[in-house]
Amino acid sequence: MSRQAYVNGHFYAHGDAMVHVEDRGFQFADGVYEVWAVFDGKLADFKGHMDRLERSLDELRIDRPMSRAALTNVLRETVRRNRVRDGLCYIQITRGQARRDHPFPDPPVAPSLIVTSRSVDQASAAAKALKGVAVVTVPETRWARCDIKSVALLPNILAKQAAKEKGAAEAWFVDDLGLVTEGSSTNAWIVDSEGVLRTRDTNANILRGITRHNLIDLAHEAGIEVSQRPFSVEEAKQAKEAFFTAASAFVMPVISVDGTKIGDGKPGPITSKLRTIYLENARSAAV
Ligand code: PMP
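Residues numbered from 1 in each chain as written. Predicted model: local features only at pLDDT ≥ 70, side-chain atom pairs only at ≥ 80, totals over all residues. Heavy atoms only, no water.

**Student:** What should I look at first to understand the packing of aromatic side chains in this one?
**Tutor:** Within this structure, the stated rule accounts for 6 aromatic pairs. Ring geometry for Tyr-6 against Phe-11: centres 5.2 Å apart, planes inclined by 70°, an arrangement best described as edge-to-face. Of the residues examined, Tyr-6 reaches a relative accessible area of 7% and is grouped as buried. Connected via pairs of aromatic rings, a cluster forms that spans Phe-39, Phe-250 and Tyr-278. (Phe/Tyr/Trp six-rings, centres within 6.5 Å; stacked < 30°, edge-to-face > 60°. Buried < 20%, exposed > 50% of the residue type's maximum accessible area, 1.4 Å probe, protein only.)

Rendered as structure tokens:
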């Protein structure tokens, strides 16, 4: 069966799935999104991503297109129709379709709802994690509300492209103080030179990553201390280990930052342990 996408109440063949030219998501990036990892056809970290989706909508005063229960059914049906065992499920919700004008449509229009799902080759992702990946740093150029998971991703796209052009897998944003905020689509972590696991605190202008949140709990349970404290690029370069987290990457070891080798240039033991723990937990808790 070929791929299908859900758009505003209907499933379409992927190639025929469209939004209107005056959808505010298209014209203004006036919308939000969420991403779930799919394990064995089930959604990982389900509640965390759903809670964050509702928060993003509330922060932007975009109506919920349907109840949580109904939305859950659409997500599951999209995964099922696409026969995804291991992969990703994406949702985008925009403020809807209206004549182009900056203020919110008045009277309000129905939000647009798009759901897609695709398979991921987890064997090649696992092989990548065994080797580790390179990261480069870029100046922080984003707006002040990175806690909202907005579809407005232009700085993130430029950062990721810069990384790609330098043979790296991710770009870490660095603020005016020289401190790493987060990656273009991931949260950034190090095991510092003292052996402390560190990641930026959520008072900073970052996305409150669901993988990040769950990994903090799992690290505590495993007896690994976590310090939610900023780190500089220099500290990252001198770190024993580094990695990034996201629903699409789980825990991905970083073996170099701006060309400087991290530790011995191989995925570190704490990182590898955290990846295993995260995957075991997320798989068994998927719904
Ligand atoms: N930061 C940014 C900017 C992201 O886009 C993502 C991925 N959605 C993350 C962090 C990681 O968040 P999560 O663990 O919830 O996928």
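**Student:** Please explain the site of the ligand as it appears in this structure.
**Tutor:** Inspection of the region around the ligand gives 19 residues, with Lys-149, Glu-182, Ile-210, Thr-211 and Ala-247 positioned closest. Contacts to the ligand include Arg-52, whose side-chain N or O atom sits 2.9 Å from an oxygen atom. Within the backbone of Ile-210, an N or O atom sits 2.8 Å from an oxygen atom of the ligand. Residue assignment for the shell around the ligand shows that the elements contributing at least two residues are α2 (46-60), β9 (180-183), α6 (210-221) and β13 (241-246). (Near = heavy atom within 4 Å. Polar contact = N/O pair within 3.5 Å; in protein donor to acceptor, adjacent residues only side chain to side chain. Helix = DSSP H or I, 4+ residues; strand = E, 2+ residues; numbered from the N terminus.)

**Student:** How do you make sense of the sheet that holds strand β4 (residues 42-43) when you look at a structure like this?
**Tutor:** Within a sheet, each strand pairs with its neighbour through backbone hydrogen bonds, oriented either parallel or antiparallel. Ordered in space as β2-β1-β6-β5-β3-β4, the 6 strands form an open sheet in which the pairing is antiparallel. In the strand order of this sheet, the two ends are held by β2 (10-13) and β4, each with one partner. Note: strand β3 (residues 31-39) against β4, 2 bridges, orientation antiparallel. By the bridge assignment for β4, Val-38 is matched with Leu-43. Its contacts with the sheet put helix α3 (residues 68-81) on β1 (4-7), β2, β3, β4, β5 (87-94) and β6 (112-119), and the angle it makes with β6 is roughly 35°. (Pairing = 2+ DSSP bridges. Contact = heavy atoms within 4.5 Å. Axes fitted to C-alpha atoms, helices over the stretch in contact; angles between N-to-C directions.)

**Student:** Sorry, what's going on with the nonpolar core here?
**Tutor:** Within soluble globular proteins, side chains that are nonpolar tend to cluster in buried spots. Ranked by internal contacts, the top residues of the largest apolar core, which has 22 residues, are Leu-75 and Ile-91. At the level of secondary structure, the elements contributing two or more residues to this core comprise β3, α2, α3, β5 and β6. Per-element accounting of this core gives the leading share, 5 residues, to α2. Apart from the residues lying within four places of it in its own chain, the contact partners of Ile-91 are Val-32, Tyr-33, Glu-34, Trp-36, Leu-53, Leu-71, Leu-75, Leu-113, Ile-114 and Val-115. Core analysis: the next-biggest nonpolar cluster, separate from the first, contains 21 residues, Ile-224, Val-226, Val-251 and Ile-277 among them. (Core = buried A, V, L, I, M, F, W, Y, C linked by side-chain atoms within 4.5 Å.)

**Student:** Explanation requested: a nonpolar patch on the surface in the structure shown.
**Tutor:** On the surface, a cluster of nonpolar side chains totalling about 310 Å² of accessible area is made up of Val-19, Val-21 and Phe-26. On the secondary structure map, Phe-26 appears in helix α1 (residues 24-28). Taking relative accessible area as the criterion, Phe-26 reaches 61% and is therefore assigned exposed. (Patch = residues over 30% accessible without salt bridge, like charges linked within 9 Å, V, L, I, M, F, W, Y side chains within 5 Å. Areas by Shrake-Rupley, 256 points an atom, 1.4 Å probe, with all protein chains shown as cover. Salt bridge = Lys/Arg side-chain N within 4 Å of Asp/Glu carboxyl O.)

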